[in-house]
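Residue-level listing of the chains:
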Amino acid sequence: MRELMTGAQAIVRGAIDAGCDFFAGYPITPATDILLYMLHELPKVSGTAIQAEDEIASMGFCIGAAMTGKRVLTATSGPGISLYSENIGLAIMGEVPMVIVDVQRMGPATGGATTVGQGDIQFLRWGTSGGYPVVVLSPTNAPDCYNLTCRAFDLAERFRIPVFLATDKEIALTLVTVEEDELIRFPVRKRQVVSQENEFIPYKTSPTNQVPLFSPFGGSHLLRFTTSTHDEYGQLTKNPAKVRLLNERLASKVEDSIDEISLVKSDLVDGADILIISYGVTSLAVAEAVQIARQAGKRVSCLAVQTLWPVPEKEIRAALHGVRKVIVPELNLGQYRLEVERLVRDGVEVLGVNRVDGELISPQEILHQGGLL
């Protein structure tokens, strides 16, 4: 069966199917549709959707709800991520599972509110203090919006972290035809909760699991929650050994599981000497450009990166095997190209195809600037 759907609608459906039962957000173009759909749809499944007074409050509501046991989502755009920044750090420090959608538009600042962009890619990775790793997924189309939203909720529960879904204005707002079987309901694991009878130490982990068990605020256990460096009891500490243990664990619980997190769509050809690496909406132009190039006798491979952070280095290195040129189309000044450049071997050319004028990159631009015509 087919139906018409926008990326924003797919995100909302994915969130509800993933068990989301709390949403808070503030209107901002081009993310407002997600807020409106959630206000309309979430109460139908006994969930709560709130239009907060601003972005800072939205994140605060979500953190509070998540710590009572809710499965939460928020959505904004680049300027909203700026306002989310401090509370993103709090969510990392407090190990709060939540999903944050960034519907990117052209920046900086207010920028082009109604124009497409991919300028938040490095911002999402480094947008809060400390530099601790985050997970950022990037859908290439509406079905991806559904599928990766489900996946984002599962990763958030798995690692007790905020997980970003980095989409953009064109994917979120364009109405497209979707085949029902393209929507894959990825199972979302249950949060690991300590039983009421057992002793609860809020940030205690085990040698085999770097993620602490959860007990909700308002439940049977005492729970301390702080944005400051703390020990496993949630007590503030300056003990160097305890400080190091906490900070290294916050990083390693993500970095040690990169294989589990990495998602790519690969279309590789034996003997290809050119590889095109893309993400998000530019992947659609890349797919068409590759088809045209192959019809002209070119041996071209392409890789659409769905997990932007942590960088799926193993998958990218495998796709780089044997190529002499890598083309990276982006709607920014070359943010992800920086990650590709550090992975290629000497002698491989890395070429960016970039636009920052609010227009999409066309297949013809990729072919022409990439030397494929």
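Residues numbered from 1 in each chain as written. Predicted model: local features only at pLDDT ≥ 70, side-chain atom pairs only at ≥ 80, totals over all residues. Heavy atoms only, no water.

This brings us to the overall build of the protein chain. If you tally the helices and strands in the protein chain, you get 13 helices and 14 strands. Relative to the globule expectation of 21 Å for 373 residues, the C-alpha radius of gyration of the protein chain, 21 Å, shows essentially globular dimensions. For the C-alpha atoms alone, the extent of the protein chain along its principal axes is close to 70 × 45 × 40 Å. By the burial criterion, 56% of the 373 residues in the protein chain qualify as buried. As presented, the protein chain carries roughly 15800 Å² of accessible surface, and 52% of it is formed by carbon and sulfur atoms. (Helix = DSSP H or I, 4+ residues; strand = E, 2+ residues; numbered from the N terminus. Rg over C-alpha atoms; globule rule 2.2 N^0.38 Å. Buried < 20%, exposed > 50% of the residue type's maximum accessible area, 1.4 Å probe, protein only. Areas by Shrake-Rupley, 256 points an atom, 1.4 Å probe, with all protein chains shown as cover.)

Okay, the environment of G334 next. Along the chain, G334 falls in the loop between β13 (325-330) and α12 (337-341). Residue classification places G334 among the buried residues on the basis of a relative accessible area of 5%. Along the chain, G334 and Q118 lie 216 residues apart, while their C-alpha atoms are 9.7 Å from each other.

Omega for the peptide link from G107 to P108 comes to 5°, which places this bond in the cis form. Relative to the elements of secondary structure, P108 occurs in the loop between β5 (98-104) and α5 (121-126). A positive phi is found at A109, a non-glycine position, where the angle reads about 55°. Tracing the backbone through its elements, the reader meets A109 in the loop between β5 and α5. On the accessibility criterion, A109 (65% relative accessible area) is exposed. The phi dihedral of R160 falls on the positive side, at around 50°, and the residue is not glycine. With respect to the helices and strands, the residue R160 is situated in the loop between α6 (142-159) and β7 (162-168).

Let us now look at the state of the cysteines. For the coordinates displayed, the defined rule picks out zero disulfides. No disulfide involves C20; its sulfur sits 8.3 Å from the nearest other cysteine sulfur, which is in C62. The class for C20 is buried, based on a relative accessible area of 3%. (Disulfide = S-S within 2.5 Å.)

Attention shifts here to the sheet that holds strand β9 (residues 264-267). Read across the open sheet, the five strands follow the order β9-β11-β10-β13-β14; overall the sheet is mixed. What marks the edges here is a single partner per strand, and that holds for β9 and β14 (349-354). Going from strand to strand, the sheet's axes swing by 20° on average, the running direction of each strand aside. Against the sheet, helix α10 (residues 282-295) touches β9, β10 (274-278), β11 (300-305) and β13, its axis set at about 170° to β11. (Pairing = 2+ DSSP bridges. Axes fitted to C-alpha atoms, helices over the stretch in contact; angles between N-to-C directions. Contact = heavy atoms within 4.5 Å.)

Taken in spatial order, the seven strands make up an open sheet running β3-β2-β4-β5-β7-β6-β12, and their pairing is mixed. Two strands bound the open sheet, and with one partner strand each, they are β3 (48-51) and β12 (307-309). Each adjacent strand pair in this sheet contributes to an overall mean axis angle of 20°, direction not counted. Where strand β2 (residues 22-25) and strand β4 (residues 72-76) come together, two bridges link them in parallel fashion. Looking at β4, one finds that F22 is bridged to V72. Lying on the sheet, helix α2 (residues 32-41) is in contact with β2, β3, β4 and β5; it crosses β3 at an angle near 135°. Across the sheet, α6 lies against β4, β5, β6 (135-137) and β7, angled at about 165° from β7, the strand it touches most.

What follows deals with the pairing of β5. A large share of β5 lies buried, amounting to seven of its seven residues. Here β5 shows a buried face lined by M98, I100, D102 and Q104 and a second buried face lined by V99, V101 and V103. Across four bridges, β4 lies against β5 in parallel orientation. Along β5, the bridge assignment pairs T74 with I100. Note on the crossover from β4 through helix α4 (residues 78-94) to β5: the handedness is right-handed. One ladder, built from seven bridges, connects β5 with β7; its direction is parallel. Residue pairing across strands places D102 opposite A166, the latter belonging to β7. (Right-handed = clockwise from strand over helix to strand, strands pointing away.)

Our focus in this paragraph is the side chain of D144. Locating D144 in the fold gives a position in helix α6. By relative accessible area, which is 5% here, D144 ends up buried. Among the polar contacts made by the side chain of D144, one reaches the side chain of K265 at a distance of 3.2 Å. Ignoring anything within four residues of it in the chain, the contact list for D144 reads P139, T149, K265 and Q306. (Polar contact = N/O pair within 3.5 Å; in protein donor to acceptor, adjacent residues only side chain to side chain.)

It is worth spelling out α2 at this point. Residues of α2 that are buried: T32, I34, L35 and M38. Projected onto a plane normal to the axis of α2, the buried residues spread over an arc of 160° and lie on a single side. Contacts made by the buried residues of α2 are with α1 (7-17), β2, β3, β4 and β5. (Arc of directions from axis to C-beta.)

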